[in-house]
Amino acid sequence: MSLPEFINIDIDKRAADINVPILRQPKFMALLKAFLSSTLRLQDNITSDQLANTIYSAWNSATAYAIGDRVNGINLDTKTYECIQPCTNIPTTNKNYWYVVSTDNIGISEKLSYNCQKMQLEYILNKRFNNVSSIYPPYNQPAGNIFIVTNKSYPRILWSARGTNAGGFTTPSLASKHWFCPEKVGLHNALSTSNYTIWVPNTVVTNLGYGFTDLKSLITQEVNKYNAVGLNYDFQPPY
Amino acid sequence: MARSTATIKAGIMSTIAADPLLGSLLTSTSLTSLFGLMAYVMAACQNLLEQSWDDYLAQITTYSQNTPAASLNWVASQAFLFQYDPSGNSATNDLVILNNGALGYATVDPQFNIVTRCAAITIGNNNAQIKVAQAGSPGSIISGAAYTQLQSYFDAKGTAGINYEVVSYDADLLYLEGTVYYKTGFATVVQQNVVDALNLYLDTIAIYSIGSSEPIDYQGIIKVSEIVDAIKNADGVYDVLLSRISYRPATSTNVSDGTVIYDLTVANGNYLSGILLAGYAKQESISGKGWLDKLNFSAAL
């Protein structure tokens, strides 16, 4: 999908194109640029906050904000705001002080470029939910961010083995039945019930102030926007 | 989020005031100043531009939501693009690799887009189930050659390695018990209003609605909270207290065969939502078990 040309206006060139007496030119240009400042601002909103969605500091009650300062909403508020009246400790819900620049911190370009790559999904989940550690790669346990482990696919039939042999072991249940249990391998069960597992750091759960059950539900809503239908996923308890 | 003309003009005026060349020259506070008028004209044009952008933004946001390949929204959007031409015309029926490398039809003709309902769920590792229906009230089964062609369509369009099972069933049947309290003056119309509101809610599930400002439920999930909201939003309804909500597949014959998602007598263990077998639903059709049979209507005190 092509984007409209008006987002690529070269304001300086447009202003310079107007031929006025040389002595007055700086003032005319300044006036024209002032008149076009609102267009420039829209252009900036589109490229930075709606297509790419720049990350700003989260709103902070102790910070003094000036006109034009931009912040991200706190916790799970996905909006980006711009200060329109100088203020301190005025929450972003107050429309007299804050203007909503964009409603979704996952930019349209980011959505358009998503093609089911694991790292893209990790980036989206971290951008959406993680405000305690890096939202950029690497995504793993040492980095302390949300990451995904693709589960290996094992044969669904295991040979019965005695004792605790590597292939598996049997657990008697009823006298007439035996259950075949997989050996624990690495981070997850060898015979996982899912195609991939999502790991969420405990610090993220604590920071957001939700219980893990509620946060899982919120993350699930987000993952379902991107997950390929037919792929199962699950969660590990917070690490 | 288009700004008002006044807000935009204030921004232009503050830019002028802050400019080192203009700030000391254009100091008039007159409401009829020439540069103020020009700023107003610019602001009015800018306001229209920002409104146009908002409309465009809504369109590309919808487009971007349907873009992630093989995602829920993508599957639904592809189902709504499926074409079945009963005449068997290969140009409108057969998928081909187009000149740009994309998979599509040689001739695109919306009159052959037969799918009107689509919901999809994961039913196991690498297994997807796609529930579809075609035009009807509220939908009807897709069968025969159209069904076979639709299954082939998803086999071709889907992700390699994932098994897509297309199913098409008659609508699930929604059963409700409870009491609706209505406002004074609505006694004669409130019942039909509630039925209309519930049908309106059911018609938001798994439908084709590109550009909708509200996300469409493409999982085919029915929720207690949304049923309550639908009834409360009906004209004349003061409040509602539901005591039992269940739904059953059309192949069953008794209400008791259904899945109960809410039972007021159960303290814990209510599911509060459920995945519809057909992906969409309509009013319970057993005589004496319909919404108006099992919902009591009482004047609010």
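This write-up is about the structure you can find in this document. (Residues numbered from 1 in each chain as written. Chains lettered and ligands numbered in written order. Predicted model: local features only at pLDDT ≥ 70, side-chain atom pairs only at ≥ 80, totals over all residues. Heavy atoms only, no water.)

## Brief notes about the overall build of chain A
Within chain A one finds seven helices and twelve strands. Burial analysis of chain A (239 residues in total) assigns 40% to the buried set. In chain A, 52% of the contacts between residues at least 6 apart in sequence involve partners at least 24 apart. Split by element, the accessible area of chain A, about 13000 Å² in all, is 57% carbon and sulfur. (Helix = DSSP H or I, 4+ residues; strand = E, 2+ residues; numbered from the N terminus. Buried < 20%, exposed > 50% of the residue type's maximum accessible area, 1.4 Å probe, protein only. Contact = heavy atoms within 4.5 Å. Areas by Shrake-Rupley, 256 points an atom, 1.4 Å probe, with all protein chains shown as cover.)

## Let's talk about the interface of chain B and chain A
On the side of chain A, 42 residues touch chain B, which itself brings 43 residues to the contact. Interface of chain B and chain A: buried area, both sides summed, is about 3600 Å²; carbon and sulfur atoms make up 68% of it. Along the contact surface separating chain B from chain A lie zero salt bridges. Where chain B touches chain A, the interface holds nine residue pairs in polar contact (both at pLDDT 80 or more). Here the side of chain B that touches chain A gets 14 residues from one element, more than from any other, and that element is helix H2 (residues 34-65) of chain B. Classifying every residue of the side of chain B that touches chain A by side-chain character gives 28 nonpolar, twelve polar and three charged. (Buried area = accessible area lost by both parts, 1.4 Å probe. Salt bridge = Lys/Arg side-chain N within 4 Å of Asp/Glu carboxyl O. Polar contact = N/O pair within 3.5 Å; in protein donor to acceptor, adjacent residues only side chain to side chain. Nonpolar A, V, L, I, M, F, W, Y, C, P; charged D, E, K, R; others polar.)

## Thoughts on the packing of helix H2 (residues 25-35) of chain A against helix H1 (residues 5-18) of chain B
Close contact between H2(A) and H1(B) brings their axes to 8 Å; oriented N to C, the two are set at 150 degrees. In terms of orientation, H2(A) and H1(B) fall into the roughly antiparallel class. H2(A) and H1(B) meet at a crossing whose hand is right-handed. Mapping the contact onto sequence places A:Leu31, A:Ala34 and A:Phe35 in H2(A) and B:Ile12, B:Thr15 and B:Ile16 in H1(B). Class assignment for the residues of the contact of H2(A) with H1(B) results in five nonpolar, one polar and no charged. (Axes fitted to C-alpha atoms, helices over the stretch in contact; angles between N-to-C directions. Parallel < 35°, antiparallel > 145°, perpendicular 65-115°, else oblique. Left-handed = near helix turned anticlockwise from the far one by under 90°.)

## Details of the pattern of salt bridges
For the structure shown, the criterion picks out 15 salt bridges over all chains. As a salt-bridge pair, B:Asp263 and B:Arg244 come within 3.1 Å of each other at their nearest N and O atoms. In this pair, B:Asp263 sits in strand S9 (residues 259-263) while B:Arg244 sits in strand S8 (residues 237-248), placing the two residues 19 residues apart along the sequence. Among the residues examined, B:Asp263 registers a relative accessible area of 12% and is labelled buried. The exposure class assigned to B:Arg244 is partly exposed, which follows from its relative accessible area of 27%. For the salt bridge of B:Arg248 with B:Glu284, the shortest nitrogen-to-oxygen distance reads 2.7 Å. Residue B:Arg248 is located in strand S8, and its partner B:Glu284 is located in the loop between strand S11 (281-283) and helix H8 (291-294); the two are separated by 36 residues in the primary sequence. For the pair B:Arg248 and B:Glu284, a shared accessibility class is recorded, and that class is buried. Here the salt bridges do not stand alone but share partners, grouping A:Arg41, A:Asp44, A:Asp49, A:Arg70 and A:Glu82 into one network.

## Topic: the environment of A:Lys127
All names here are of chain A. Mapped onto the fold, Lys-127 is located in helix H5 (residues 118-129). Put simply, Lys-127 and Thr-78 are 49 residues apart on the chain and 9.6 Å apart in space, counted from C-alpha to C-alpha. Apart from residues no more than four positions distant in its own chain, Lys-127 is found in contact with Ala-52, Asn-53, Ile-55, Asn-105, Ile-106, Gly-107, Glu-110 and Ile-135.

## Focus: helix H3 (residues 37-51) of chain A
Residues and elements named next belong to chain A. Here H3 is 15 residues long and its end C-alpha atoms lie 20 Å apart, about the 21 Å a rise of 1.5 Å per residue gives. Of all the bends found along H3, the most pronounced is centred on Asn-45 and spans about 30 degrees. Across the 15 residues of H3, twelve count as buried, placing the element largely inside the fold. All buried positions along H3 are accounted for by Ser-37, Ser-38, Thr-39, Arg-41, Leu-42, Gln-43, Asn-45, Ile-46, Ser-48, Asp-49, Gln-50 and Leu-51. Within two residues after H3, Asn-53 carries a phi angle of roughly 60 degrees, on the positive side. (Expected span 1.5 Å × (residues − 1). Bend = angle between axes of the 7 residues up to and from the residue.)

## What to know about the sheet that holds strand S3 (residues 115-124) of chain B
Residues and elements named next belong to chain B. Ordered by their spatial adjacency, three strands build an open sheet running S3-S4-S5, and the pairing between neighbours is mixed. The open sheet terminates on both sides in strands that have one partner only, identified here as S3 and strand S5 (163-167). Across the sheet, the mean angle separating the axes of adjacent strands is 20 degrees when strand polarity is ignored. Where strand S4 (residues 127-134) and S5 come together, five bridges link them in parallel fashion. Considered in S5, the bridge of Gln-129 is made with Glu-165. Seen against the sheet, helix H3 (residues 72-81) touches S3 and S4 and runs at an angle of roughly 145 degrees to S3. Helix H5 (residues 144-157) contacts S3, S4 and S5 of the sheet and is inclined by roughly 155 degrees relative to S5. (Pairing = 2+ DSSP bridges.)

## Side note on the pairing of strand S6 (residues 172-182) of chain B
Residues and elements named next belong to chain B. Among the eleven residues in S6, nine count as buried, and that is most of the element. Pairing of S6 with S11, which is carried by three bridges, proceeds in the parallel orientation. Directly across from Asp-172, in S11, lies its bridge partner Ala-281. Relative to S8, S6 runs antiparallel, the two sharing ten bridges. Considered in S8, the bridge of Gly-178 is made with Leu-242.

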